[in-house]
Structures are given as structure tokens and as C-alpha cells.
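Residue-level listing of the chains:
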Amino acid sequence: MSHAPADTEPSQPPSEDDRAFFGQPRGLMTLSGLEVWERFSFLGMQAILVLFFADTVRHDGMGMDPGTAASVSAAYGTLVYLVSVAGGWLADRILGSYRAVLYGGILIACGHYSMAVPTATMTWVGLGLISAGTGLLKPNVASMVGKLYSTEDQRRDAGFALYYMGINIGAFAGPLVTGWLGDHAGWHWGFSAAAIGMTFGLIQYVAGRRHLAGRKHAAEYALAPGPMRRAVLTIVAGVAVVALVATALALAGWLTMDRFVDLLTLVSVIAPVVYFVVMFKSPRVTPEERGRLRPYVVLFLASVVFNFILFQAYSTMMLLASTNARTEIFGFHFPASWYASALGAFEVALAPVVAAVWARMGPRQPHASNKIAFGVILGGLSFLLMVIPTSGHSDETYRMAAWWIVGSYLLLGLGDILLETSGMSATTKLAPKAFASQTMALWFLSLALANGIQAQIVKLYGEVSNPAYFGVNGAVAVAAGVAVIAAAPWLKRTMHPVH
């Protein structure tokens, strides 16, 4: 092991790495491996989180009603992705991408270990640590994938599809393990499994660091020493003040859970608006880069609509599965949370197919904006499908066949592959150079906004009929996808070098 200072290490992987992983850079395997375990822990925990919130205190749950459980779960997702803005900035200006991802993974692991402790206090502490850690890790690991390729490399979309397949191996395996433990041993045993998974991810990430592009510890656009010290002190002081004020307001009875959820939704709306304005007006953004940001706004909104549907796979769909779906296939009984694994399974199976199709088509493949539009439409259809089995029942005691939810997740999984891989790939191409990691964080802000909207809309779940709930939400998503297709000619003209 070399003992040379971190900042003198070469920033690029060995040349023999370029096609060492299924024709892709070797570093893609390291980053995909990290995401396997990060998604194992994050989505494994998320698959049981809403059920844990809704379960009775007697059974070690939090005793929330279903609508509140879904809303709080969505608010947690909002917080996770809001923090990604700070994560992108810290990577660009202070930590560098490698260390940002490493520290984020450590915080995530500590958060899951905290949630393994069976107390309400440690549950909230754990969720806070996971939020902070995911905000550091998610925008920067995706940016590191983008650094493995040149802008014109036609392997780029196929590489992101393989990367996304790695993500979904974790998304498939996580709910199987945490769901079984939560159902048979207790919720906190499920959270323990998530902690162990994230630990494995950190080990393989550090072991494979030599294969990563731009792995120097120094930030690419580091602040000068003086401003950096002031920035660090400001961040520490700001976090301390916010924590103290929040604690005081909570003890005074003003900061209730409902108000906290509403506050996060408000921030999720304001943050991307402010962020776009800052980038459009920044003197460090060239006129050409500014022109590419305009079509990115359309992709951002498309991501919001799709992910509003996608994230409900872990909230309203989980609640629906636990109360109104059969939990057996061919005589085999399984926990309701295992339905979440169907989504990951479909994405694992379909991601290499999509990658192969794009690679085979080469320059003839659909434009990135059309891929994203098709993804949004498929997301809407996944909800419209649920109108059929939830209609025509005199009461809420019915049990639909498992295949309805599985079919919904098939549509949703294919839509996710089309939208997320093309969206993340396009983001790394459209990003202004001075805001590389931060623009990736802006993509994740679309996820925050989707969760923020979800935190409000899911309050209607159980208040309106299930056919109306899934039908209206699904129809809105389909209409949004059609609108993106209609804007395709303008998008193709303005999104160069995205094809």
C-alpha cells in the first residue's frame, strides 16, 4: 500500500481499467458495488419503515395511523434528498468526491446501527444520521460514475444502466432480508441487517479506490484556506443553532410532526427554485452552459412527476399490500414488505437488457428526453393499473391477487430504468463545469420535491377511494410524459451534447 500523500496520487485509474468490466471502466464495478450495499441498507430499511411507523406500540411499532405513517416516511425521504445540496457543495469546495462518499457511507452505517436500538429516540437519531450521510453519498457517487467517461463516449448511457442494475441488486435483496427479519424477529433486527450491509459497502469502496477517476482527496474547486476555515466554522455553528432551535420549539409544543412535514415540503419547493436562479445568474457559468440548463428544467420536472409515483412503492403501495393484497404465491407465504423486492428484481432483470439495446442501437437510440418521457408514462400506467383491482368492492376487506401489485411494479421498474439512467447521464453532461457535483445534487432535489409533494398527497390515502387516488395520480403522470414528448423537438435542439 502506498504511503504517498493523498493529493500526489494520480487522479485517473490505470489505462488497462478502461474496458475491464463488461466493456466498461473497472471503476464502475467499485461504484456499483458500493451502491449495491447502500441501496440494500437504504431501501431494505425503507421497505419496512412505513410498516414500522404504522404498527402498534405493543408490537414495537410507532403507533401512527396509515396516512401519518406514509406522510412521515415521505418527509424522511424529502430530508434525505434536501441534504444532497450540501453534499454536492462540500464535495466541490471542501472534501472532494472520494471523501464525501466515504464520510457519507460512515454516517449512513452509524444511522442504521442507531435504529437497531429499540427506542423512539434512537430511531429519530438514526434517521437524521442516514439523511446526512445519504446527502453526502448519493450526488457524489453518481458524479464519480460520470467522471469515468468522456462527454462523447457512447458507452455512457449503457454504463449508467449497468450502474443502475447494481443499485437494484441491493434494492431487490434489501427488502427480502429486512422484511423477513422485521416480520419474524422484530423491526429493529431488520434495521440491524441494513447496518451490516452498509458496512460491507464501505469496505469494498475503500478496497477499490485505485480504480476510480478523480479520487484525489482535494476538492476539484477547493476554497482557499481562509474561506475554507470560515465555511467549516459556519457550517458547524449553523447545524448547532438549527438543532438547538428545533429542540426548543419541539419542547415548547410548536414544532409538531405535522408542522415539521409541512416545513420540509415548503423547503423542497423553494430550494430547487433558488438553486436554478443561482446557477443561471452565476458568472462562472458560460452562456453555452446556461443554454443547456433551460432544457434541464424540463427534465427536472419530469423527474419530479415520475418519482412522486416511484416513492409510493415504499409508502401507499406498502400499506395497500399489507391490508388488501394476498401475501402468497403458489402457496408460499411471504411478508408484505417483500413486494418491494419485486421492483428491484424487475430492474435487475431489465437493466442489462436496456443497456444492451442502447449499446446495439448506438447513435440510433431514442433521444434522452424521449427515454425520460417514456419512463414517466410507464410510471403513470403503473398507478392506473391499480384502479382495476381496487374497484367494485363493497368494503375494504377484499384481497387482490399478488400479480396486480407485481404487474404494477413491472411497469414502474422499467420506467425507472429509462428515466433515472438517462436523467443521471444527461445531468452529468448538461452540468456547468463549476457546479458539477452540485448539479447532480440538483437532480436529487427533484427527488426531494417529489417526496415533499408526496408527503402532502398521501394524507389523502384512506380519505378518498383507492380507485380515485391511484387513478388521478396515474393520469397526471401520463399527461406529463406526453407533454415531454411534445417538447422533444425543442429539447433535441437545446440539449447538445446530449443525444
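Analysis parameters
- Residues numbered from 1 in each chain as written.
- Predicted model: local features only at pLDDT ≥ 70, side-chain atom pairs only at ≥ 80, totals over all residues.
- Heavy atoms only, no water.
- Phe/Tyr/Trp six-rings, centres within 6.5 Å; stacked < 30°, edge-to-face > 60°.
- 1 Å grid on protein atoms, 1.4 Å probe; cavity = no way out; pocket = protein on both sides within 12 Å on 5 of 7 lines; lining within 4 Å.
- Points joined across faces, edges and corners; volume = space filled by probe spheres on them.
- Helix = DSSP H or I, 4+ residues; strand = E, 2+ residues; numbered from the N terminus.
- Nonpolar A, V, L, I, M, F, W, Y, C, P; charged D, E, K, R; others polar.
- pLDDT = per-residue confidence, 0-100.
- Contact = heavy atoms within 4.5 Å.
- Core = buried A, V, L, I, M, F, W, Y, C linked by side-chain atoms within 4.5 Å.
- Buried < 20%, exposed > 50% of the residue type's maximum accessible area, 1.4 Å probe, protein only.

## Things to note about the packing of aromatic side chains
Link 1 in the chain: Going through the model one piece at a time under the given rule, you end up with 18 aromatic pairs.
Link 2 in the chain: Among the aromatic residues, those joined into a ring-pair cluster are F52, F53, W124 and F191.

## As for the layout of surface pockets
Link 1 in the chain: There is about 1700 Å³ of room inside the largest pocket.
Link 2 in the chain: The wall of the largest pocket is formed by 46 residues, among which L79, V83, V239, V242 and F260 lie closest to the centre.
Link 3 in the chain: Of all the elements in the fold, those that place two or more residues in the lining of the largest pocket are helix 2 (66-95), helix 3 (97-115), helix 4 (120-146), helix 7 (225-251), helix 8 (257-281) and helix 15 (436-457).
Link 4 in the chain: In the lining of the largest pocket, the residues fall into 39 nonpolar, seven polar and no charged.

## Some details on the confidence of the model for the protein chain
Link 1 in the chain: Chain-level statistics for the protein chain give a pLDDT mean of 83 and a share of 90% at 70 or above.
Link 2 in the chain: Mean pLDDT across the elements of the protein chain ranges from a minimum in strand 1 (residues 328-329), with 80, to a maximum in helix 16 (residues 466-486), with 94.
Link 3 in the chain: Here residues 1-8 is modelled with pLDDT under 50, and outside its nearest four sequence neighbours on either side it reaches four contacts, counting other chains as well.

## Here's the deal with the nonpolar core
Link 1 in the chain: Counting residues in each nonpolar core, the largest one holds 94 residues, and the members touching the most others are M45, Y339, I405 and Y409.
Link 2 in the chain: The contact partners of M45, leaving out residues within four places of it in the chain, are F40, Y76, H112, M115, L127, I130, T178, F191 and A194.
Link 3 in the chain: If you look at the next biggest cluster of nonpolar residues, it comprises 31 residues, including V101, M144, M198 and I417.

## A word on empty space enclosed by the protein
Link 1 in the chain: Counted by the stated rule, this structure contains two cavities of 30 Å³ or more.
Link 2 in the chain: One number sums up the size of the largest cavity: a volume of about 300 Å³.
Link 3 in the chain: As for the largest cavity, its lining consists of 27 residues, of which R39, Y81, Y164, L310 and F311 are closest to the centre.
Link 4 in the chain: For the lining of the largest cavity, the elements supplying multiple residues, two or more each, are helix 1 (27-54), helix 4, helix 5 (156-184), helix 9 (287-310), helix 11 (339-361), helix 14 (402-430) and helix 15.
Link 5 in the chain: For the lining of the largest cavity, the residue count by class is 16 nonpolar, five polar and six charged.

## Looking at the side chain of K138
Link 1 in the chain: By the element assignment, K138 lies in helix 4.
Link 2 in the chain: Exposure remark for K138: the relative accessible area of 7% places this residue in the buried category.
Link 3 in the chain: If sequence neighbours within four positions are ignored, K138 has contacts with E35, E38, R39, I167 and F444.

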